[in-house]
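# Coordinate inspection notes
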Amino acid sequence: MNDRPTHVRVRFPPSPTGHMHLGSARTALYNYLLAKQTGGKFVFRIEDTDVKRYVPGAEEELINGLKWLGMEWDEGPDIGGPYGPYRQSERKEIYQQYAKQLIDTGHAYYCFCTPERLARVREEQQKRKEPPHYDGTCRRLSKEEAEARVNAGEAHVIRFKTPKEGSTTVHDHLRGDITVENRNLDDYILVKSDGWALYHLATMVDDHLMKISHVIRGSEWLPTFPLHGLIYRAFGWEEPVWIHLSVFLKPSGKGKMSKRESADLIKDGYSIFVKDLRELGYTPEGVVNWISLMGWSYDDHTEFFTLRDLVEKFSIDHLNPAPAAINFSKLDHFNGLHIRALDDRELAKRLLPFFLEKGIDADFETVLKIAPIAKERMATLDEVVPLAEFFFKDTVSPDPDSLVAKGLTAKESAEIAEKAVELLSPLPDMKAAGAEPVMRTYVDSSGFSAGQVFGIMREAVTGQHVSPPLFESMEIIGKDKVIQRLQKAAQLLRMVNQ
Ligand code: GLU
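Heads up: these notes are all about the structure in this document. (Residues numbered from 1 in each chain as written. Predicted model: local features only at pLDDT ≥ 70, side-chain atom pairs only at ≥ 80, totals over all residues. Heavy atoms only, no water.)

Here the focus is the overall build of the protein. Each helix and strand in the protein was counted, giving 21 helices and 11 strands. A compact globule built from 498 residues should have a C-alpha radius of gyration of about 23 Å, whereas the protein, at 32 Å, is more than 25% larger. Summarising its shape, the C-alpha atoms of the protein cover approximately 105 × 55 × 40 Å along the three principal directions. Relative to its 498 residues, the protein shows a buried fraction of 49%. Look at the contacts in the protein between residues 6 or more apart in sequence, and 74% of them connect residues 24 or more apart. Within the protein, one finds 64 positive and 73 negative side-chain charges whose respective centroids are separated by 4 Å. (Helix = DSSP H or I, 4+ residues; strand = E, 2+ residues; numbered from the N terminus. Rg over C-alpha atoms; globule rule 2.2 N^0.38 Å. Buried < 20%, exposed > 50% of the residue type's maximum accessible area, 1.4 Å probe, protein only. Contact = heavy atoms within 4.5 Å. Lys, Arg positive; Asp, Glu negative; His and termini not counted. Charge placed at Lys NZ, Arg CZ, Asp CG, Glu CD.)

Listed below in structure tokens is the structure:
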């Protein structure tokens with residue numbers, strides 16, 4: 001713990017281009033944890049310069065997603081901070097100024113090639129089976145000529161002047177040194193013809209100006225990582241600690257998740273999107289626990305972690321760069337554990353909306369009574385509805401055939417229901433502590449099994465095959481309704497043809 005980095009400043013800089021998915025949630029989490037455990041700062045930045053890919057509402061979803069998962073930021077577009085603005089669309093001039101600096105120092109150049117010409121070049125390269133790359137035409141222009149053409153208003157982009165000789169080595173904290181031959185690197189575009197900087201420039205400039213100490217990001221940036229190192233070096237800036245996280249594989253472990261597959265998931269009650277997981281009844285605690293272990297481990301056996309535990313136990317040195325398969329049954333497992341770890345009041349608070357959303361007129365006080373008896377039987381919060389909706393019904397409608405206990409006739413089953421009415425009616429109330437012993441004594445003396453007797457009672461009282469524990473449920477439903485439901489079941493059973 002003593003070797004933790006100091007003066008940590010990390011960032012989560014999503015582009016508002018779609019739904020917040022597990023990958024971004026995990027990246028945010030690891031950054032957040034490093035900040036919190038070191039007393040550092042967690043910076044939230046919006047990278048919204050790509051107007052074409054901008055999705056309205058995506059930013060709001062990111063904000064809600066982060067907050068729901070419990071990650072608050074120290075600096076960001078909504079709360080400001082000493083290094084703002086925290087929205088790239090408000091930083092255009094800053095990027096232009098730094099692009100100019102690269103041109104002045106000979107690390108970048110203006111390029112006037114038209115899209116048509118570039119398409120032709122690419123086609124020819126394809127014919128020659130070469131990887132697509134810029135052919136360097138404008139790299140050879142003199143500075144004077146280029147500036148004259150810019151001043152004359154000719155459309156242009158700004159490209160990085162990648163060294164063509166030798167090699168570049170960058171260092172990833174998890175993967176070690178990564179070396180590429182410079183001839184394999186392209187002259188990437190830094191500023192587009194509309195004057196907007198692309199990621200390669202904008203994000204490097206922001207990370208530097210915002211004094212980011214650790215860049216923890218997705219592995220999709222590995223191919224351009226050497227370029228990013230070169231850009232830092234061209235400016236003469238000190239590089240952050242770079243960490244590229246593992247890739248997520250689809251549940252089968254074979255290949256990356258496609259859009260189509262992620263759309264199919266929802267049919268099984270799963271999703272890779274944070275907002276869906278919330279609606280599907282997953283808890284932020286369960287999701288955080290689950291994603292924390294997709295690329296990090298504490299030891300070879302501890303798996304249950306709250307966000308607070310993670311702040312204490314997380315370590316960037318235990319991150320694992322190997323691909324991680326998305327395992328939804330693990331999510332169910334963790335979610336169940338965290339549901340059971342919630343105190344009753346908190347659990348009831350979270351369960352109530354699931355009833356209301358289904359149009360069930362549930363009240364908090366009853367849900368509070370249900371919470372402790374239902375929590376053992378739920379992997380997701382939404383499961384409370386089919387499990388416990390009978391509590392809010394005036395009457396239940398059990399299927400007469402399902403009231404017949406296994407191995408018994410309808411007549412025998414009816415007699416059991418009638419017996420239950422007879423034994424429970426004299427009790428002052430339906431407290432489990434009073435009703436259960438009475439019915440157990442009956443089971444012992446009747447020759448019927450507990451499964452048969454309680455099975456009939458469960459169907460009769462709840463109208464369901466599966467429910468929270470029977471006697472606790474009866475206590476919540478109350479004596480009058482329990483007796484009525486048992487009587488009705490007996491009548492139904494009397495009408496079943498043998
Ligand atoms: N805006 C980039 C993205 O959403 C940020 C990547 C990074 O962390 O540098 O992919």
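Back to the text.
Direction vectors running N to C along helix α17 (residues 410-424) and helix α19 (residues 450-462) enclose 80 degrees, while the axes themselves pass 10 Å from each other. The angle between α17 and α19 places the two elements in the roughly perpendicular class. Side by side, α17 and α19 meet where Ser413, Ile416, Ala417, Ala420 and Leu424 of the first sit next to Val453, Ile456 and Met457 of the second. Its residues placed into classes, the contact of α17 with α19 shows seven nonpolar, one polar and no charged. (Axes fitted to C-alpha atoms, helices over the stretch in contact; angles between N-to-C directions. Parallel < 35°, antiparallel > 145°, perpendicular 65-115°, else oblique. Nonpolar A, V, L, I, M, F, W, Y, C, P; charged D, E, K, R; others polar.)

Moving on, we get to the site of the ligand. Around the ligand, the neighbouring residues are Arg11, Pro13, Pro14, Ser15, Glu47, Tyr199, Arg217 and Trp221. A distance of 2.5 Å separates an oxygen atom of the ligand from a polar side-chain atom of Tyr199. (Near = heavy atom within 4 Å. Polar contact = N/O pair within 3.5 Å; in protein donor to acceptor, adjacent residues only side chain to side chain.)

We now examine helix α3 (residues 92-104). Structural remark: α-helix, 3.6 residues per turn; residues separated by three or four positions point the same way. With 13 residues, α3 should cover 18 Å at 1.5 Å per step; its first-to-last C-alpha distance of 18 Å lies within 8% of that length. For α3, the full list of buried residues reads Tyr95, Tyr98, Ala99, Leu102 and Ile103. Taken around the axis of α3, the buried residues stretch over an arc of 150 degrees, which confines them to a single face. (Expected span 1.5 Å × (residues − 1). Arc of directions from axis to C-beta.)

On to helix α12 (residues 328-341). Taking 1.5 Å per residue as the helical rise, α12 with its 14 residues ought to reach 20 Å, and the 20 Å between its terminal C-alpha atoms agrees with that figure. Among all positions of α12, only Phe328, Leu331, Asp332, Phe334, Asn335, Gly336, His338 and Ile339 are buried. Contacts from the buried residues of α12 go to α8 (259-265), α9 (274-279), α10 (284-292) and α13 (344-357).

Turning our eyes to something else, we now look at the pattern of salt bridges. Summed over the entire model, instances satisfying the criterion amount to 34 salt bridges. Residue Lys164 is joined to Asp187 by a salt bridge in which the shortest nitrogen-to-oxygen separation is 3.3 Å. With a gap of 23 residues between them, Lys164 in the loop between β4 (157-160) and β5 (167-172) and Asp187 in the loop between β6 (176-181) and β7 (189-191) connect regions that are remote in the sequence. By relative accessible area, which is 2% here, Asp187 ends up buried. Among the salt bridges present, the one from Glu436 reaches Arg440, with a minimum N-O distance of 2.9 Å. Separated by four residues within a single helix, Glu436 and Arg440 lie in helix α18 (residues 432-446), roughly one turn from each other. Look at Glu436 and you get partly exposed, because its relative accessible area is 22%. Here the salt bridges share partners, and the residues they tie into one network are Arg11, Arg45, Glu47, Arg91, Asp206 and Asp207. (Salt bridge = Lys/Arg side-chain N within 4 Å of Asp/Glu carboxyl O.)

Next up on the list: the nonpolar core. The biggest cluster of nonpolar side chains holds 62 residues, and the ones touching the most others in it are Leu424, Met457 and Met474. Mapped by element, the contributors of at least two residues to this core are α13, α14 (364-374), α15 (384-388), α17, α18, α19, α20 (470-477) and α21 (479-495). Met474 has contacts with Leu424, Met430, Ala435, Met457, Val461 and Val482, leaving out every residue within four places of it along the chain. (Core = buried A, V, L, I, M, F, W, Y, C linked by side-chain atoms within 4.5 Å.)

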